[in-house]
Every structure is written in structure tokens, then in C-alpha cells.
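# Working through the structure, step by step
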Amino acid sequence: DVKVTQSSRYLVKRTGEKVFLECVQDMDHENMFWYRQDPGLGLRLIYFSYDVKMKEKGDIPEGYSVSREKKERFSLILESASTNQTSMYLCASSPRGVGVNQPQHFGDGTRLSIL
Amino acid sequence: QKEVEQNSGPLSVPEGAIASLNCTYSDRGSQSFFWYRQYSGKSPELIMFIYSNGDKEDGRFTAQLNKASQYVSLLIRDSQPSDSATYLCAVTGPGYSTLTFGKGTMLLVSP
């Protein structure tokens, strides 16, 4: 089974802090993704990566950055946390597809509160 | 902007009935379609994926795809209270390997 592990289930940080969310997958997947999920807004893609050191902006990249130094690890960084970044953050991974998308597999999520 | 539309629900069905969940998408060129189940407070869990027109069955679940109508559905036979969750439809997204998710349909199965 695919295992996607997020470093924290719950996290509380203060406004202005730099926040790191870590995600590790054990299936040698090429693609990794960061989403946030908010009531009424659904899942929104923040950033994704299709290879080591590669990153692409998703729908809502403002206020975030990412790092992928190793294939199995994809980090999301909140440069200066703000209260509107309080949310559930979900990491996912998928293998590279040929002609079609392969399923994405999700970690358990990190519920982040910014005070 | 690619869009994926789902009725937010809740869809209420009695135990043992067939639950039918529907999804429409805007991009006629979409090739990949997924259904995820999400329990309250938990992360999405893959149930099924379908790439070709027609039906795909897996146990109590059947995914149906009609590309001409830009419509994908999920049927759950013999619904159980444990099926009560939000079901997310996802379709090929605009970026490489990305998906666009609908906002989900809440299903409630009453004993």
C-alpha cells in the first residue's frame, strides 16, 4: 500500500512565524502535491512537483513556497503565517502516468491553526 | 478554468438501497476520472478510477463514464451506514498530472 506521511496531525503557530509542513512518501512516486481544504471551498491545489527540484504553482500559491530536495520528500513553507492560512493541509503523491493521470494518494492531513 | 460540479447534498438513502452520486465536468478533453471518499475530519481515500466510457465495477461500487455527456457517476449498492461520508469527484486538471476536484456530495445512509 502507498504510504504518505505528514509530519504533524495538528499544529498551532503564531502570526508571522515561518511554518514548515513536511510530507514523505514511500512508493517512489514522481509527482507530489500540496492542497488546502476549507469548508465550502473544497480542495485547492497550492503547489505540485513532478520531479526532484522541480515545482509548479497551483491555483493558490500566494504566501507559500515548496521544496523538493529528495524524491520522497515534499515540504510546504508558509513564509510568514497569517490567520487566513488556518486550514487543513493535505499532501498527495502519484506515479507518473502515460496519457492518463494516475490516482493520487493522500496523507492524513495537517490541521494548522494560526493565532 | 476547468470545472467539476457536484450536488452538495446531503443525499439521504436508507440502508440497503442504491446510492447514486453524480458529477459533471467542463473540459471535453479530460481523460481521467476518480472518486474519493472522505470521512469527516479525515483525508480523501481513493475508491475508484475510470478512463474509458462505460461501467467499471469493484465490489459494491460501480463507476459510470459518459464522455459525450461529460458526466461521471458512482453507484453504491447495498448502502451501509459506514458509507456515510462526502464523496469527491476528480477529473484531469489543467497542469501536468494534476486533478481538479469537485466540492463533494455528502451521503447519509440511515439504518
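These figures come from a predicted structure and were not determined experimentally.

Cut-off values and rules
- Residues numbered from 1 in each chain as written.
- Chains lettered and ligands numbered in written order.
- Predicted model: local features only at pLDDT ≥ 70, side-chain atom pairs only at ≥ 80, totals over all residues.
- Heavy atoms only, no water.
- Phe/Tyr/Trp six-rings, centres within 6.5 Å; stacked < 30°, edge-to-face > 60°.
- Helix = DSSP H or I, 4+ residues; strand = E, 2+ residues; numbered from the N terminus.
- Buried < 20%, exposed > 50% of the residue type's maximum accessible area, 1.4 Å probe, protein only.
- Lys NZ or Arg CZ within 6 Å of the ring centre and 35° of its normal.
- Polar contact = N/O pair within 3.5 Å; in protein donor to acceptor, adjacent residues only side chain to side chain.
- Contact = heavy atoms within 4.5 Å.
- 1 Å grid on protein atoms, 1.4 Å probe; cavity = no way out; pocket = protein on both sides within 12 Å on 5 of 7 lines; lining within 4 Å.
- Points joined across faces, edges and corners; volume = space filled by probe spheres on them.
- Nonpolar A, V, L, I, M, F, W, Y, C, P; charged D, E, K, R; others polar.
- Pairing = 2+ DSSP bridges.
- Buried area = accessible area lost by both parts, 1.4 Å probe.
- Salt bridge = Lys/Arg side-chain N within 4 Å of Asp/Glu carboxyl O.

### Here's the deal with the packing of aromatic side chains
Aromatic rings considered in pairs are described by the distance between their centres and by the relative angle of their planes. The tally for this structure, following the rule as stated, stands at 12 aromatic pairs over all chains. Note on Phe-34 of chain B and Phe-49 of chain B: the rings are 6.2 Å apart at their centroids and 40° apart in plane angle, and the pair reads as tilted. Here the residue Phe-34 of chain B occupies a position in strand β4 (residues 33–38), and Phe-49 of chain B occupies one in strand β5 (residues 45–50), the gap between them amounting to 15 residues. You can call Phe-34 of chain B buried: its relative accessible area is 0%. Judged by its relative accessible area of 27%, Phe-49 of chain B is partly exposed. The interplanar angle of 85° and the centroid separation of 6.4 Å between the aromatic rings of Phe-34 of chain B and Tyr-51 of chain B together place this pair among those described as edge-to-face. Linking Phe-34 of chain B in strand β4 with Tyr-51 of chain B in the loop between β5 and β6 (54–58), this pair joins segments that are 17 residues apart in sequence. A network of ring pairs unites the aromatic residues Phe-33, Tyr-35, Phe-48 and Phe-106 of chain A together with Tyr-36 and Phe-101 of chain B as a single cluster. Taking the ring centre of Phe-49 of chain B as reference, the NZ or CZ of Lys-56 of chain B above it sits at 3.8 Å. Sitting over the face of the ring of Phe-61 of chain B, Arg-60 of chain B holds its NZ or CZ atom 5.5 Å from the ring centroid.

### Brief notes about the side chain of Ser-32 of chain B
Among the secondary structure elements, Ser-32 of chain B is positioned in the loop between β3 (19–25) and β4. Among the polar contacts made by the side chain of Ser-32 of chain B, one reaches the main-chain amide nitrogen of Asn-101 of chain A at a distance of 2.8 Å. Non-local contacts of Ser-32 of chain B, meaning those with residues more than four positions away in its chain, are made with Val-100 and Asn-101 of chain A together with Ile-50, Tyr-51, Ala-90, Val-91 and Thr-92 of chain B.

### Description of the layout of surface pockets
Considering only enclosed or pocket space, the largest pocket measures out at about 570 Å³ in volume. Considering the residues around the largest pocket, the lining is formed by 28 residues, among which Gln-37 and Pro-39 of chain A together with Gln-38, Ser-40 and Thr-86 of chain B are closest to the centre. Mapped onto the lining of the largest pocket, the elements with two or more residues apiece are β4 (31–38), β5 (42–49) and β9 (87–94) of chain A together with β9 (85–92) and β11 (105–110) of chain B. It is β11 of chain B that contributes the most residues to the lining of the largest pocket, 4 residues altogether. Within the lining of the largest pocket, the residues separate by chemical class into 10 nonpolar, 14 polar and 4 charged. Of the voids in this model, the second largest pocket is the one considered here, and its volume is about 450 Å³. Along its surface, the second largest pocket is lined by 24 residues, and Asp-59 of chain A together with Gln-1, Lys-2, Thr-100 and Phe-101 of chain B are the ones closest to its centre. When residues of the lining of the second largest pocket are traced back to their parent elements, those giving at least two are β5 of chain A together with β1 (4–5) and β10 (99–101) of chain B. No other element matches β5 of chain A, which puts 5 residues into the lining of the second largest pocket.

### Observations regarding the sheet that holds β1 of chain B
Residues and elements named next belong to chain B. Strand order in the open sheet formed by 5 strands is β1-β3-β8-β7-β6, and the pairing between neighbours is antiparallel. Single-partner strands in this sheet number two, and they are β1 and β6. Pairing of β6 with strand β7 (residues 61–66) involves 5 bridges; the strand directions are antiparallel. In the strand pairing of β7, Glu-57 is matched with Thr-62.

### Some remarks on the interface of chain B and chain A
Between chain B and chain A, the contact holds 20 residues from the first and 25 residues from the second. Across the chain B/chain A interface, buried area totals approximately 1800 Å², and carbon plus sulfur atoms make up 56% of it. Our count for the chain B to chain A interface comes out at 0 salt bridges. Viewed at the interface, chain A and chain B are joined by 9 residue pairs in polar contact (both at pLDDT 80 or more). Of all elements in the fold, only β4, β5, β9 and β10 of chain B reach the threshold of two or more residues within the side of chain B that touches chain A. Here the side of chain B that touches chain A takes 3 residues from β4 of chain B, the largest share from any one element. The residue inventory of the side of chain B that touches chain A, partitioned by class, reads 10 nonpolar, 9 polar and 1 charged.

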